[in-house]
Each structure stands twice: as C-alpha cells, then as structure tokens.
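What the coordinates show
Each chain, written out:
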Amino acid sequence: MTEPLKLGLAGLGTVGGGVLRLLAERSPDLSKRIGRPIEIVAVSALNRHKNRDIDISGFRFVADPVELARDPGIDAFVELIGGEEGVAKEAVEAALRAGKHVVTANKALLAHHGPALAALAEKHGVALNFEGAVAGGIPVVKTIRESLQGNTIARVYGILNGTCNYILTLMLTEGRSFADVLKDAQAQGYAEADPTFDIGGFDTAHKLALLTSLAFGTRTSFESVYVEGIENITPADIEAADDLGYRIKLLGVASRTESGIEQRVHPTMVPKHTAIASVDGVSNCVAIDGDFVGDIMLIGPGAGAGPTASSVASDLIDIARGHILPPFGTKAKDLKPYKKAEMRGHEGGYYIRLSVYDRTGAFAAIASRMAEQGISLESIVQRRPPAELPGFRRQKAGSPAAVVMITHQTTEAAIRKALAAIERDGHVDAKPQMIRIEKL
Ligand code: HSE
C-alpha cells in the first residue's frame, strides 16, 4: 500500500504543535520505514491566527472539529482538544461513525467513555489508539496491550503526574512548603493555572483507569478510583519520611485482590532504595507485575510536546501499517464488568503523624486505641520541634509535639477507626495525618 494515510488534526496546543513538528521533520524517514507517507491534510483549532512556532498555512483549515472528523478527505482523525465531554467527544464519535481511525491523547474522555468508544471503533472496523493519553512519552499502552498479553497481571502502578512529582521532589530537596512550590510549578508552566486536576489526583486517576482496563481486561471505571491529592503533605511529613527511610510519591495503584480490583490514587511512602523512589522531577514511571515476565518498570517523560508527539506518532504508524487492535486489548464486548474492592478492605502498612499534647497518659491512650483495632506498631517516635533543638528556647510543657508512628500490615478500616477514636480522646490538637506505605 503506497497511498498516504491522510490526517485531520484537531487541537494545536502544546501536543498538537509537537505532532506537526514531528511529522514535518520525520516524514521522509517514516515514509520509507512504513512504506507509505503520513500526511496532514487539514487542521482545526480554536484560534486560526494565533502566533505559533509552526506554520499552518499549508493545511486546509476547518473551523469545526466535528466537521473535520467526518471530512471525506481524511482517513484518520487526531483529537488533541481534551476534555471528557463537549466537542472532543462529539468529534471522536463523529469520526468513528464515519469510519475514520482515531488517535487521541485525551485520558479524561477515555476514562469516562472508553468502552463505549471502543465498541463504536470495533463496529466500524477502525482503530482508537491512545498511547499519548497515559504517561506521555512512555510506551505503556502498547507494552500492556501487546507485549505483555501472555501474562496475568497482578498489579500496575506508577507515578503518572509530572506536576505532583515535581512539587514533591522540590519539597524534599529544597525543604519548601507545598503552596510555595506549587507557585513555582505554575510559573514554570508544569501545573495548570487551575491545578486542581493535577494536585487533586484526578489526572492520575484518569490514567490509572485506562491502565486498569488494559491490564485486567475490565471495563473502565473512573468512578471507582479512590482519590487523594498531595495538598495536605507538609514538609514535616517529607522530613519524617526521609528519616524513616522513605520517599513520598503520588502513586496510582491498581491491583487484583480477593474481593475485586482495587484502584487508588494517594500520596504513598516508598522505600528510598527502590527504583520508583528515585523517579524525580517531572518524570513519570509505570510498573507492571506480571506472572511470567516478573516485575517490570518503564521510566520517562510523562508530558510535553516532544514525548507526547512521539506516542501519537507511534499510534499513527500502527494505523498506516494496518496494525489495528481492540483499543483495550480485549474486544469491547468481552471486557469484564469492573468489580470494585472497597478501600476499607485495603491492606498495608501506614505512616501516622499526630500532633499530640505532651502530657502524661497521651502515648498510652494512643497505643491502646491502636491495640483495640488489632494494629501492631513497628515504630513510634516523638519528634522534637525546632524550639527544643539546642539554641532554641524550650517549648512550654504540655504544648503539642509531633508523634510519628509506622504500623505493621493492617486494614484501612482498622486505621480509620483507631484514628477517629484518637481524635475523640482529645490528646491531639489537629486531624491526624495518614500516609499509606506501598509494599514493593
Ligand atoms: N498535567 C500532566 C502532568 C500532564 O503534570 O503530568 C498531562 O497529563
């Protein structure tokens, strides 16, 4: 086949610009490798006349992305608009119904509507590829959908949001507060002006929902993801974790349990010596535990024009070669219903930081509340506040002091009950901090 694969590209932001540049620079090489050219024939963007690094005057401009999606002159529609509803969804549906292949980096759209869109793609015999939607340039969708098909996967997890990883890294290396580093991340252009999706964990949750479906052959279930962001992580936690031999990372974790599939996004303590602990800055990583392959990990850039364009290009090359697979690796009609494992049944170790009034009996009361729930403590340390360090004035007796505990394996339900009782007893002056420890 030497006919070009003709593209309509909607969305000329950071990623769209990257795709234009990659195709402009690599077209001759790609043509040779694939045996046919990949050509952009038309583009669509919110603002046609915006100043861009790349000249779009050579492409036909179609103002309405939905119109572009069903344009008779294109074979494949590249959706880089974003958003779970609205024009992105309308355009993708229109393209699939018109028998056009679709490539998208839209994790929100697929996390919410993935199985329905996959069914539509399969009905019309076209591809719905989304390598750029999960962890930017890391080729994890193809890795799970193709290379690991011979495995039963027990767990897939990773650092899936560069903004959060950047913030947590700077909090550690520069000893700065969350709010301070967030401003820095916004100024650098990593975090959005409204950073809620990143720091609140929802961007990670979208990506995790897609990984879950790929890894376990289940329908996507974004609503079932337990989500906590990094807003409440303090320098005191970062420092205590460091002293105890851990790093704090925002992880997305999906695992098979006896009661179903657990999907959770939350700040997590990982031992310092592990590979994931050393994934710093805006980098992402995805780890997969398979039964035949063992444990593997992919590390790389999780966002940005170049890395995401690399993933979009790989999806386009597959289409140009006629390599079309069910979007989630399993036919849409055969994706299993998602069976949710409740968070209260989650098992693991926990880090607890309490602000405890320094008075007789406080420790004993706390220890007995933990014992009531059958929770065994691995360590308990009263951390000296700066006012008690040499050279500082001694703190007033009875004022609160930080107490940090690490528990042995227990359940989420037990921890929550114990912490509620500790709060009720009145020995603490603030809500307890709790961070889950991941077994690696
Ligand atoms: N905002 C995301 C991040 C990149 O910070 O990793 C796009 O998903």
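Along each chain, numbering runs from 1 in the same order as the chain's sequence is written. Note on the predicted model: pLDDT of at least 70 is required for a residue's local features to be given, and 80 or more for side-chain atom pairs to be given and counted; whole-chain, interface and lining totals, by contrast, use all residues. Side-chain measures were taken over the full set of non-hydrogen atoms in the model, leaving aside hydrogen atoms and water.

On to the sheet that holds strand β6 (residues 128–129). Strand order across the open sheet formed by 6 strands is β3-β2-β1-β4-β5-β6, with parallel pairing between neighbours. This sheet does not close on itself; its edge strands, each paired only once, are β3 (60–61) and β6. In this sheet, strand β5 (residues 101–104) lies alongside strand β4 (residues 76–79) in parallel orientation, the contact comprising 4 bridges. Within β5, the position partnered with F77 by the bridge is V102. Contacts between residues were defined by any pair of non-hydrogen atoms, one from each residue, lying within 4.5 Å. Interaxial angles span 0 to 180 degrees and are taken between N-to-C directions of axes, which are lines fitted to C-alpha atoms, for helices over the stretch in contact. Helix numbering and strand numbering both begin at the N terminus, where a helix is a DSSP run of H or I of at least 4 residues and a strand a DSSP run of E of at least 2. Helix α3 (residues 87–97) contacts β4 and β5 of the sheet and is inclined by roughly 165 degrees relative to β4. A pair of strands counts as paired when DSSP detects no fewer than two bridges linking them.

For each structure, a 1 Å grid was placed over the protein atoms alone; sets of points admitting a 1.4 Å probe that cannot get out are labelled cavities, open sets with protein on both sides within 12 Å along at least five of seven lines are labelled pockets, and lining residues have an atom within 4 Å of a point. Grid points are joined across faces, edges and corners, and a volume is the space filled by probe spheres set on the points. The space that makes up the second largest pocket amounts to roughly 580 Å³. Lining the second largest pocket are 25 residues, with R264, H346, E347, G348 and Q409 sitting closest to its centre. Only β7 (153–159), β9 (246–257), β10 (260–271) and β13 (347–357) provide two or more residues apiece to the lining of the second largest pocket.

Contact geometry of helix α6 (residues 162–174) with helix α10 (residues 235–244) gives a least axis separation of 10 Å together with a crossing angle of 70 degrees. On the basis of the axis angle, α6 is roughly perpendicular to α10. For the pair formed by α6 and α10, the contact residues are L168, M171 and L172 on the first element and P235, I238 and D242 on the second. Each residue gets one of three labels, nonpolar for Ala, Val, Leu, Ile, Met, Phe, Trp, Tyr, Cys and Pro, charged for Asp, Glu, Lys and Arg, and polar for the others, Gly among them. Partitioned by chemical class, the residues of the contact of α6 with α10 number 5 nonpolar, no polar and 1 charged. Each angle is binned into one of four classes, with values under 35 degrees roughly parallel, values over 145 roughly antiparallel, values of 65 to 115 roughly perpendicular, and all other values oblique.

Turning our attention to the pattern of salt bridges. For this analysis, a salt bridge means a side-chain nitrogen from Lys or Arg found within 4 Å of a carboxyl oxygen belonging to Asp or Glu. By the definition in use, this model includes 24 salt bridges. A salt bridge links R264 to E438, with the shortest nitrogen-to-oxygen separation between them at 3.0 Å. Placement of R264 in strand β10 and of E438 in the segment after β17 (433–437) is noted, with a sequence separation of 174 residues between them. In this structure, R264 and E438 share a single accessibility class: buried. Between R436 and E412 there is a salt bridge, with its nearest N and O atoms 2.7 Å apart. Each residue's exposure class comes from its accessible area (1.4 Å probe, protein chains only) as a fraction of the maximum for that residue type: buried when under 20%, exposed when over 50%, partly exposed otherwise.

On a regular strand, each side chain points to the face opposite its neighbour's, so the side chains alternate between the two faces of the sheet. Among the 7 residues in β7, 6 count as buried, and that is most of the element. Pairing geometry for β7 and strand β11 (residues 283–290), over 6 bridges, is antiparallel. Its bridge partner being in β11, Y157 is matched across the sheet by A287. Pairing between β7 and β9: 4 bridges, direction antiparallel. Directly across from V156, in β9, lies its bridge partner A254.

Turning our attention to the side chain of S221. Positionally, S221 belongs in the loop between α9 (202–216) and β8 (226–227). Not counting residues within four places of it along the chain, the set of residues in contact with S221 comprises Q263 and Y338.

Taken domain by domain, the chain consists of domain 1 (5–133), domain 2 (140–302) and domain 3 (350–437). Inter-centroid distance (C-alpha atoms) of domain 2 to domain 3 is 27 Å. Counting residues at the interface gives 17 residues for domain 2, matched by 11 residues for domain 3. Accessible area that two parts lose when put together, evaluated with a 1.4 Å probe and summed over both, is termed the buried area. Where domain 2 abuts domain 3, roughly 1,200 Å² becomes buried across the two surfaces, and 55% of that area is made up of carbon and sulfur atoms. For the domain 2 face of the interface with domain 3, the top three residues by lost area are D237, L244 and M269, together amounting to 39%. Applying the counting rule to domain 2 against domain 3 returns 2 salt bridges. Between R353 and D237 there is a salt bridge, with its nearest N and O atoms 2.5 Å apart. Pairing of N or O atoms within 3.5 Å defines a polar contact, subject to two protein rules: one partner must be a possible hydrogen donor and the other a possible acceptor, and residues neighboring in sequence count only if both atoms are side-chain atoms. In this assembly, domain 2 and domain 3 are joined by 9 residue pairs in polar contact (both at pLDDT 80 or more). For the side of domain 2 that touches domain 3, the secondary structure elements donating two or more residues are α10, β9 and β10. Reported domain spans reflect what an automatic or database domain assignment gives.

A separate point is the environment of G260. Structurally, G260 is set in strand β10. The exposure class of G260 is buried, given its relative accessible area of 12%. Sequence separation between G260 and A341 is 81 residues, and the spatial gap between their C-alpha atoms is 4.5 Å. Aside from chain neighbours lying at most four places away, what touches G260 is S255, K339 and A341.

Relative to the helices and strands, G137 resides in the loop between β6 and α5 (140–147). Taking relative accessible area as the criterion, G137 reaches 22% and is therefore assigned partly exposed. Taking the C-alpha atoms as reference points, G137 and N284, 147 residues apart in sequence, are found 9.2 Å from one another. Filtering out sequence-adjacent residues up to four positions away, G137 remains in contact with P301, P307, T308 and S311.

Let us now look at the site of the ligand. Around the ligand, the neighbouring residues are K107, N161, G162, T163, D198, D203, K207 and A303. One nitrogen or oxygen atom from the side chain of N161 is found 3.4 Å from an oxygen atom belonging to the ligand. Separating an oxygen atom of the ligand from a side-chain N or O atom of K207 is a distance of 2.8 Å. Note on areas: these come from Shrake-Rupley sampling with a 1.4 Å probe, and a residue is covered only by the protein chains present in the view. In the complex, 81% of the free accessible area of the ligand, which totals 260 Å², lies under the protein chains. Elements with a contribution of two residues or more to the shell around the ligand: α6 and α9. Here, proximity means that at least one heavy atom of the residue falls within 4 Å of the molecule or strand.

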